[in-house]
Amino acid sequence: ALANAAAEQFNTAKSPAQIADAERDAVAALSNGPLEASAVRTLGLSAALTGHPDRAASLLSLAQRMTLRDVPTQLWLLDASVERADYPATVMHADVLMRTTLEYSQVETLLIQLASDPRAVAPLVAHLYVNPDWRRSFLARLGAEVIGPDTPFMIFRGLMAGPTPATAEETEPYFMRLVAAGLY
């Protein structure tokens, strides 16, 4: 209960003193129960907010090892992996978020944007090979929304080389867009 109170206190903090109070409560929660992921998250987000990115990364990575289902932790780690252009980590955090939240269109949009970076294609395709629950939706949006035909083509070509090629249903929005644009 104290860990959740510290997290709520941090979320509503409006001053450095209130952030410090949330940190104190998070430390107290950890002394009572060292596996309180929300307390570790509170300390990590506080470190990020107060200009200690290395400490934040360490604490939030620890919070993730305690539970993958903590959305604020995953969002911070996703953002940090995008900033570092660490695309395997980005895809992993995006996958966790899309498996644990009902509304993941913003995360899906981020992956669609990243797919245009050739460095992101291989990690994304490798993850799509395992056929995550969100694959069909992602491929439909990728094919229908990406302006240039090259990005979806790179993803679909990559999938053809793997164990789970794209289905006709998954490629249909892409081909329909190509036909409509006179490119096919």
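Procedures and definitions
Residues numbered from 1 in each chain as written. Predicted model: local features only at pLDDT ≥ 70, side-chain atom pairs only at ≥ 80, totals over all residues. Heavy atoms only, no water. Helix = DSSP H or I, 4+ residues; strand = E, 2+ residues; numbered from the N terminus. Buried < 20%, exposed > 50% of the residue type's maximum accessible area, 1.4 Å probe, protein only. Areas by Shrake-Rupley, 256 points an atom, 1.4 Å probe, with all protein chains shown as cover. Arc of directions from axis to C-beta. Contact = heavy atoms within 4.5 Å. Core = buried A, V, L, I, M, F, W, Y, C linked by side-chain atoms within 4.5 Å. Salt bridge = Lys/Arg side-chain N within 4 Å of Asp/Glu carboxyl O. Axes fitted to C-alpha atoms, helices over the stretch in contact; angles between N-to-C directions. Parallel < 35°, antiparallel > 145°, perpendicular 65-115°, else oblique. Left-handed = near helix turned anticlockwise from the far one by under 90°. Nonpolar A, V, L, I, M, F, W, Y, C, P; charged D, E, K, R; others polar. Patch = residues over 30% accessible without salt bridge, like charges linked within 9 Å, V, L, I, M, F, W, Y side chains within 5 Å.

Draft legend 1. Structural detail: the overall build of the protein. The number of helices and strands found in the protein is 11 helices and 0 strands. Mapped in sequence order, the helices and strands of the protein form the string α-α-α-α-α-α-α-α-α-α-α. Counting only C-alpha atoms, the protein reaches 60 × 30 × 25 Å along its principal axes. Burial statistics for the protein: of 184 residues in total, 43% are counted as buried. As displayed, the protein has an accessible area near 9900 Å², and 59% of this comes from carbon and sulfur atoms.

Draft legend 2. Layout of helix 1 (residues 2-12). Looking only at helix 1, the buried set comprises Ala-3, Ala-6, Ala-7 and Phe-10. Buried residues of helix 1 fall within an arc of 100° about the axis and therefore sit on the same side. On its buried face, helix 1 is in contact with helix 2 (16-32) and helix 3 (37-49).

Draft legend 3. Focus on the nonpolar core. Leu-124, Phe-138 and Ile-155 are the most contacted members of the largest nonpolar core, which totals 28 residues. At the level of secondary structure, the elements contributing two or more residues to this core comprise helix 6 (87-100), helix 7 (105-114), helix 8 (118-129), helix 9 (135-145), helix 10 (150-160) and helix 11 (168-180). Here Ile-155 is in contact with Ala-115, Val-121, Leu-124, Val-125, Leu-128, Leu-139 and Leu-142, once residues within four sequence places are set aside. Within the second largest apolar cluster, 9 residues are counted, among which are Ala-3, Ala-29, Ala-39 and Leu-59.

Draft legend 4. Structural context of the pattern of salt bridges. Per the counting criterion, the structure on display carries 10 salt bridges. Its salt-bridge partner being Asp-95, residue Arg-99 comes within 2.8 Å of it at the nearest N-O pair. Of this pair, Arg-99 and Asp-95 both sit in helix 6, 4 residues apart, which is roughly one turn of that helix. Overall, the relative accessible area of 44% leaves Arg-99 in the partly exposed class. A relative accessible area of 8% means that Asp-95 is categorised as buried. With a closest N to O distance of 3.0 Å, Glu-145 and Arg-141 form a salt bridge. Here the residue Glu-145 and the residue Arg-141 both occupy positions in helix 9, the gap between them amounting to 4 residues, near one helical turn.

Draft legend 5. Highlighting the packing of helix 7 against helix 9. Where helix 7 meets helix 9, the closest approach of the two axes is 10 Å, and the angle between their N-to-C directions is 55°. Judged by the inter-axis angle, helix 7 sits oblique to helix 9. As for how helix 7 packs across helix 9, the hand of that crossing is right-handed. Listed contacts from helix 9 to Ser-105, Glu-108, Thr-109, Leu-111 and Ile-112 of helix 7 are Ser-137, Phe-138, Arg-141, Leu-142 and Glu-145. Class assignment of the residues belonging to the contact of helix 7 with helix 9 gives a composition of 4 nonpolar, 3 polar and 3 charged.

Draft legend 6. Representation of a nonpolar patch on the surface. On the surface, a cluster of nonpolar side chains totalling about 340 Å² of accessible area is made up of Phe-175, Val-179 and Tyr-184. You can see Phe-175 is positioned in helix 11.

Draft legend 7. Up close: the packing of helix 2 against helix 3. Between helix 2 and helix 3, whose axes approach to 8 Å, the crossing angle comes to 150°. Along this stretch, helix 2 crosses helix 3, giving a crossing that reads as left-handed. Each of Ile-19, Ala-22, Glu-23, Ala-26, Val-27, Ala-29 and Leu-30 in helix 2 lies in contact with helix 3, whose residues at this interface are Ala-39, Val-40, Thr-42, Leu-43, Ser-46 and Leu-49. For the contact of helix 2 with helix 3, the residue count by class is 10 nonpolar, 2 polar and 1 charged.

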